[in-house]
Amino acid sequence: MTITHHPDMSTLMAFSAGTFDEPYAVVIATHLAMSEGGRDIMHRLNAIGGALLDDEQETEMSSGALDRLLAAADQPDLPEQITPSSDVPLPLAPYLPNGLTSAKWKWSGPGVAICDLPTRDESSSRLMLLRVAAGRPVPEHSHGGQELTLILSGAYRDRFGLFGPGDIADHDEDVEHKPIAEMGA
Amino acid sequence: MKMLNISPSLKWEPDCICLVAVDAPLSFRSRLIRTLQPLFGL
Amino acid sequence: MYAIAMSEIGSGKNLGTPSTEPAALLRLIAEQGDKSALSDLFLLYGAKIKGVMLKSGANEALAEDLVQETMLTVWRKAGLYSTSRGAPSTWIFTIARNLRIDQLRRRSNRPYEDLARVEIASEAPSGSAVVEQSQVIARVSLALKALPAEQQEVVHLSFINDIAHSEIATRLGIPLGTVKSRLRLAYDRLRPLLEDLQ
């Protein structure tokens with residue numbers, strides 16, 4: 001899969017820092033699951049956090065904290081929460097446990113359907129699937145706030161070029177969309 | 001790498017399916033319809 | 001301090017200060033379930049993780065709990081650490097971050113956990129050795145300190161204080177676009193060093 005449209009670097013930095021609301025984190029994690037080059041960049045960005053952690057001022061732990069840790073280390077681990085496999089990339093699977101076929105589409109205009117994917121966080125942002133019929137023009141629309149659009153299947157073209165599976169359109173009202181063109185691969 | 005594998009039997013198979021995150025919770029649909037209206041003469 | 005005494009007894013070393021490389025400690029945990037290595041890692045990172053958690057908005061008790069959770073995850077997942085996941089500090093940062101997302105902000109860290117599983121499944125052998133990774137981290141940290149103050153500020157507010165870009169903009173009274181461009185400029189400065197990690 002050749003990914004040609006990547007998120008803005010500041011978007012990847014927000015993901016690395018962990019400050020995104022769940023819907024945005026899901027879109028970026030799904031994109032990264034589809035993009036090895038994107039995962040390489042994410043590793044580099046995580047190193048910023050690693051360096052900052054190294055430099056962090058030490059705040060003394062309470063007495064007994066180490067004992068508590070060593071005692072807890074003896075306890076058996078809880079079983080890991082396993083995400084069921086599905087026909088979508090793993091980070092998206094918990095939101096579509098029965099795959100894309102289970103999506104409940106709502107008509108949203110000619111050739112356009114939407115399927116809301118509920119998230120657990122209480123943010124005002126929203127995660128959804130958007131289905132556009134083949135051959136339909138994708139309208140240019142103005143964006144209120146940040147909008148991340150990841151192509152799962154099919155393709156579309158806009159003034160930024162052709163978007164295929166794994167590609168992401170990272171639009172923001174404040175910043176002109178700027179695809180990152182520095183991928184190593 | 002886990003690839004997206006969509007069954008060819010799906011009737012929207014040639015369609016474009018996107019995963020979208022927006023931070024305008026209620027207005028997206030109305031905004032989309034608003035932008036679609038002139039295109040389709042609704 | 002009792003913690004140091006524990007470490008002495010556990011590892012049989014002459015000093016409480018850990019003298020072993022973090023990556024070697026992780027290997028000891030993974031291969032031998034060595035609890036003295038866990039003690040040493042705790043001494044290296046615990047107090048720093050606590051500092052980060054307090055700055056992220058945790059109170060004293062929650063910060064302590066998050067340190068416990070982080071170190072316990074390090075203990076349990078040490079076998080999954082490999083150099084292709086970056087320096088130990090980077091790996092530990094991501095563990096702490098995921099727990100912070102889950103417990104401090106009541107958001108879901110599931111996308112991060114599932115992405116980590118994708119990475120484990122597709123992991124390619126790493127080019128650079130652990131020591132090099134740690135040296136790169138040291139250079140990144142010097143470069144971070146050499147960034148213009150306004151770039152350092154947004155990097156810290158985002159990565160350490162756990163504040164969303166839009167809220168950084170509000171706090172600093174600058175447009176969101178300025179927050180993002182400062183982050184991009186910071187990355188551009190760090191990029192030559194970060195690319196050494198590959």
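What counts as what
- Residues numbered from 1 in each chain as written.
- Chains lettered and ligands numbered in written order.
- Predicted model: local features only at pLDDT ≥ 70, side-chain atom pairs only at ≥ 80, totals over all residues.
- Heavy atoms only, no water.
- Contact = heavy atoms within 4.5 Å.
- Buried area = accessible area lost by both parts, 1.4 Å probe.
- Salt bridge = Lys/Arg side-chain N within 4 Å of Asp/Glu carboxyl O.
- Polar contact = N/O pair within 3.5 Å; in protein donor to acceptor, adjacent residues only side chain to side chain.
- Helix = DSSP H or I, 4+ residues; strand = E, 2+ residues; numbered from the N terminus.
- Buried < 20%, exposed > 50% of the residue type's maximum accessible area, 1.4 Å probe, protein only.
- Pairing = 2+ DSSP bridges.
- Core = buried A, V, L, I, M, F, W, Y, C linked by side-chain atoms within 4.5 Å.
- Domains from an automatic or database assignment.
- Phe/Tyr/Trp six-rings, centres within 6.5 Å; stacked < 30°, edge-to-face > 60°.

> What is the right way to read the interface of chain C and chain A from this model?
A common way to express how large an interface is: the accessible area buried when the components associate. Each partner contributes to the interface: chain C provides 74 residues, whereas chain A provides 69 residues. Between chain C and chain A, the buried area comes to about 6,700 Å², and carbon and sulfur atoms account for 61% of it. Looking only at chain C, the three residues that lose the most surface to chain A are Arg110(C), Phe159(C) and Arg184(C), adding up to 10% of its buried area. There are seven salt bridges connecting chain C and chain A. With a closest N to O distance of 3.4 Å, Arg44(A) and Glu195(C) form a salt bridge. The interface formed by chain C and chain A holds 23 residue pairs in polar contact (both at pLDDT 80 or more) in total. For the side of chain C that touches chain A, the secondary-structure elements that each account for two or more residues are helix H1 (2–11), helix H3 (35–55), helix H4 (60–77), helix H5 (88–104), helix H6 (110–122), helix H7 (130–145), helix H8 (149–159) and helix H10 (176–195) of chain C. With 15 residues, H3(C) is the single largest residue contributor to the side of chain C that touches chain A.

> Sorry if this is basic, but what is going on with the pairing of strand S4 (residues 147–153) of chain A here?
On any regular strand, side chains alternate: one points to one face of the sheet, the next to the other face. Buried residues dominate S4(A), accounting for seven of its seven residues. Inspection of the sheet shows S4(A) paired to strand S1 (residues 16–22) of chain B by six bridges, in the antiparallel sense. The residue bridging Leu148(A) from the neighbouring strand is Ala21(B), located in S1(B).

> For this particular structure, what's the right way to read the side chain of Asn98(C)?
Residue and element names in this part refer to chain C. Within the secondary structure, Asn98 sits in helix H5. On the basis of relative accessibility, which here comes to 9%, the residue Asn98 falls in the buried class. When residues no more than four places from it in sequence are discounted, the contact partners of Asn98 are Asn109, Tyr112 and Glu113.

> Sorry if this is basic, but what is going on with the pattern of salt bridges here?
Close approach of charged atoms allows side chains with opposite charge to pair. Under the counting rule described, the total for this entry stands at 18 salt bridges over all chains. Two residues, Lys50(C) and Glu60(C), come together in a salt bridge whose shortest N-O distance is 2.5 Å. Of this pair, Lys50(C) sits in helix H3 while Glu60(C) is found in helix H4, placing the two residues ten residues apart along the sequence. For Lys50(C), a relative accessible area of 1% gives the class buried. By relative accessible area, Glu60(C) is classed as partly exposed at 45%. One salt bridge in this structure joins Glu113(C) and Lys77(C), with 3.4 Å as the shortest N-O distance. Of this pair, Glu113(C) sits in helix H6 while Lys77(C) sits in helix H4, placing them 36 residues apart in sequence. Judged by relative accessible area, Lys77(C) falls into the partly exposed class, the value being 25%. Three or more residues joined by partner-sharing salt bridges are found here, namely Lys106(A), Asp116(A) and Arg126(A).

> Looking at this structure, how should I read the nonpolar core?
Generally speaking, nonpolar side chains in soluble globular proteins are found buried as a group. Counting residues in each nonpolar core, the largest one holds 108 residues, and the members touching the most others are Phe15(A), Ile48(A), Leu129(A) and Leu19(B). Taken together, domain 1 (1–127) and domain 2 (128–198) of chain C each give at least three residues to this core, which thus spans both. The residues touching Phe15(A), leaving out its near neighbours within four places in the chain, are Phe20(A), Ala25(A), Ile28(A), Ala29(A), Leu32(A), Met42(A), Arg97(C), Tyr112(C) and Leu115(C). Core analysis: the second largest hydrophobic core is formed by 13 residues, Leu130(A), Ile151(A), Cys16(B) and Cys18(B) among them.

> Whenever I open this one, the packing of aromatic side chains confuses me. Can you help?
Two measures describe an aromatic ring pair: the distance that separates the ring centres and the angle between the ring planes. Inspection of every chain in the model, using the stated rule, returns four aromatic pairs over all chains. Taking the centre distance of 4.2 Å and the plane angle of 15° together, the rings of Phe15(A) and Tyr112(C) count as stacked. Within this pair, whereas Phe15(A) is found in helix H1 (residues 9–17), its partner Tyr112(C) is found in helix H6, the two belonging to separate chains. Take Phe15(A) and Tyr112(C): they sit in the same class, and that class is buried.

> Even after reading the chapter, I still don't get unusual backbone geometry, so can you show me in this structure?
Where the residue is not glycine, phi is negative for most of them; where a peptide bond is considered, it is trans in most cases. Look at Asp162(C): it is not a glycine, yet its phi comes out positive at around 65°. Its location among the elements puts Asp162(C) in the loop between H8 and helix H9 (165–172).

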